[in-house]
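Given next are the chains, with one letter for each unit.
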Amino acid sequence: MRLLRNRTARMLAAAAATLLALSAGAARAHGDDGRGFGHRAEPSPLVIGHRGASGYLPEHTLESYALAIELGADYVEPDLVATKDGHLIARHEPNLIATTNVSALPQFAARKRTVMVDGVPDTGFFASDFTLAEIRQLRAVQAFGDREQGLNGQFGIPTLEEVIALVKRKSDEKGRRIGIYPETKHPTYHQGIGLALEDRLLAVLQKAGWNHRHAPVFIQSFETANLRYLRSRTSVRLVQLVDANDLNPDGSLDFTKPYDKPYDWVVSGRAGLFKDLLTPAGLAEVRTYADGVGPWKYYLIPSACTLVNGACSDVNGDGAVNEADRKLLPATDVIANAHKLGLVVHPYTFRNEQRRLATDHAGNPVNEYLRFFEAGVDGVFSDFADTAVAARVTWKLKQDPSYARCLVSGRRCDRDD
Ligand SMILES: [Ca+2]
Ligand SMILES: [Ca+2]
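Reference entry: report on the structure contained in this document. Just so we're clear, the structure is a prediction, and the values are computed from it rather than from any experiment.

Conventions and cut-offs
Residues numbered from 1 in each chain as written. Chains lettered and ligands numbered in written order. Predicted model: local features only at pLDDT ≥ 70, side-chain atom pairs only at ≥ 80, totals over all residues. Heavy atoms only, no water. Donors = N, O, S within 2.8 Å, 3.2 Å for Na, K, Ca; no water. Tetrahedral: all angles 85-135°; square planar, octahedral: opposite > 155°, others 65-115°. Helix = DSSP H or I, 4+ residues; strand = E, 2+ residues; numbered from the N terminus. Buried < 20%, exposed > 50% of the residue type's maximum accessible area, 1.4 Å probe, protein only. Contact = heavy atoms within 4.5 Å. Salt bridge = Lys/Arg side-chain N within 4 Å of Asp/Glu carboxyl O. Pairing = 2+ DSSP bridges. Axes fitted to C-alpha atoms, helices over the stretch in contact; angles between N-to-C directions. Parallel < 35°, antiparallel > 145°, perpendicular 65-115°, else oblique. Left-handed = near helix turned anticlockwise from the far one by under 90°. Phe/Tyr/Trp six-rings, centres within 6.5 Å; stacked < 30°, edge-to-face > 60°. Lys NZ or Arg CZ within 6 Å of the ring centre and 35° of its normal.

1. With respect to the coordination of the calcium ion (ligand 2)
Listed as protein donors to the calcium ion (ligand 2) are D314 (OD), N316 (OD1), D318 (OD), A320 (O), D325 (OD) and D325 (OD); their distances from the metal cover 2.2 to 2.5 Å. Angles of 53 to 158 degrees at the metal separate the six donor atoms of the calcium ion (ligand 2), which places the site in the irregular class. Mapping the donors of the calcium ion (ligand 2) onto the primary sequence gives the spacing D-x1-N-x1-D-x1-A-x4-D.

In structure tokens form, the structure reads like this:
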């Protein structure tokens, strides 16, 4: 009898396990993110609102993320730094001086100091010297001098939890899957000051129900060791960012420190440069811990200038020497090599301003997206999500003119549905 009971219990347990496995499998196959929006409904190429809609509003504010979503972004990108009391807030740097009004607030004047960040002295006001309650007193400012400054001082600094709450609410309002693409900023630095980002980030994702493979989340980092650590702790998709210092006149990349290599390589004594992550061997290594790469776009399609007396010349004669004087070179094989390994490729950063567009694009930022879509990228980090979305529409129509007819039908017309 006891044996029978045990056997029955085992059979029931086995049946329950099978059912669980089946439903989990069905959820995986459907790719549901737990909010009724299937994983496979994710558009392609993805439009990632870089720092929100930072082309229009002060970056990394709820207003900037909300605008990016309004303009059609599929994901919004909070860069993360830690406060003194261990909260994750959305800022591009630990130093708050360039993106907030902190230097104008007398109550914080004494906080100004010089800190070593990744081996480089940096002077200003550091998030880790402020509690979240103090961060609440700050207001965001536009970091780019050539962009609208009229909205400075109006918007607060959000926590990651607040960004997630906004994104979930917008996802419900819009009836589409919207995700977050958080970046761990200066992970080694944060570990060194006792405010490691990784477990804090996973705890917030866990609480949000987003610490799983099919969550609408990508985590990105310019360092490698913290991504490896994250891989051991989460199945959320991870993306290896790949930087460089500058673009040389001939279109090759410059690797002047500190933008020569991931900072964890400096600490561990590993030789090499960022570009080594994008060779076939480098990509194969990245594949062991990440799901994609986020390269500076010139790794994919470089541009070269015209040299006069050894310096880049003002080809268009507007009195300034910039990207608008450069011509594109052929696409590299990075995208193809990444795709062979199953890695997605999400380059940064796409911007509308004329002086940031190579001459090939004829002053129209849509042309730049189309060139990268043609080269095969899976997503783009854009400061102007509306332009990226417009470019994606143009791209889809080029690929499949029936897309326009589908729009009339009222069906979901994403090609990946
Ligand atoms: Ca970022
Ligand atoms: Ca020029």
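Anyway, onward from the coordinates.
2. A word on the environment of L273
Within the element layout of this structure, L273 appears in the loop between helix 8 (263–268) and helix 9 (280–287). With a relative accessible area of 26%, L273 lands in the partly exposed category. Put simply, L273 and F255 are 18 residues apart on the chain and 7.3 Å apart in space, counted from C-alpha to C-alpha. Here L273 is in contact with F255, D260, K261 and W265, once residues within four sequence places are set aside.

3. Regarding the pattern of salt bridges
Following the criterion strictly, the structure yields 26 salt bridges and no others. Close ionic contact of E59 with R51 constitutes a salt bridge, the shortest N to O distance being 2.8 Å. Comparing E59 with R51, the two get one shared label, buried. Linking R169 and E173 is a salt bridge whose minimum nitrogen-to-oxygen distance equals 3.0 Å. Of this pair, R169 and E173 both sit in helix 4 (residues 160–174), four residues apart, which is roughly one turn of the helix.

4. Digging into the sheet that holds strand 7 (residues 179–180)
Strand order across the open sheet formed by four strands is 7-2-1-19, with parallel pairing between neighbours. Where the open sheet ends on each side, the last strands, each with one partner, are strand 7 and strand 19 (379–382). In terms of strand pairing, strand 1 (residues 46–50) meets strand 2 (residues 75–77) through three bridges, oriented parallel. Bridge pairing links H50 to E77 in strand 2.

5. A look at the packing of helix 6 (residues 198–208) against helix 7 (residues 225–233)
Interhelical geometry of helix 6 versus helix 7 gives an angle of 40 degrees and a closest axis separation of 10 Å. In terms of their interaxial angle, helix 6 and helix 7 are classed as oblique. The hand of the helix 6/helix 7 crossing is right-handed. Contact residues: E198, D199 and L202 in helix 6; N226, Y229, L230 and R233 in helix 7.

6. Structural notes on the pairing of strand 6 (residues 120–124)
In terms of strand pairing, strand 5 (residues 113–117) meets strand 6 through five bridges, oriented antiparallel. Paired with V115 across the strands is D122, a residue of strand 6. Between strand 5 and strand 6, which pair antiparallel in sequence order, lie two residues; one of them, D118, sits at a positive phi of approximately 55 degrees.

7. Observations regarding the packing of aromatic side chains
Evaluated as defined, the whole model comprises 13 aromatic pairs. With a centroid separation of 5.1 Å and an interplanar angle of 80 degrees, the aromatic rings of Y56 and F384 are classed as edge-to-face. With a gap of 328 residues between them, Y56 in the loop between strand 1 and helix 2 (62–70) and F384 in the loop between strand 19 and helix 12 (385–399) connect regions that are remote in the sequence. Residue Y56 is classed as partly exposed on the basis of its relative accessible area of 29%. When its relative accessible area of 6% is taken as the criterion, F384 is described as buried. Relative to Y369, the ring of F350 lies with its centre 5.1 Å away and its plane at 25 degrees, an arrangement referred to as stacked. Here Y369 lies in helix 11 (residues 365–375) and F350 lies in the loop between strand 18 (344–345) and helix 11, a separation of 19 residues in the sequence. Its relative accessible area of 0% is what places F350 among the buried residues. By relative accessible area, Y369 is classed as buried at 1%. Taken together, the ring pairs in this structure connect F350, Y369, F372, F373 and W395 into an aromatic cluster. Sitting over the ring of F218, R237 keeps its end group 3.9 Å from the ring centre.

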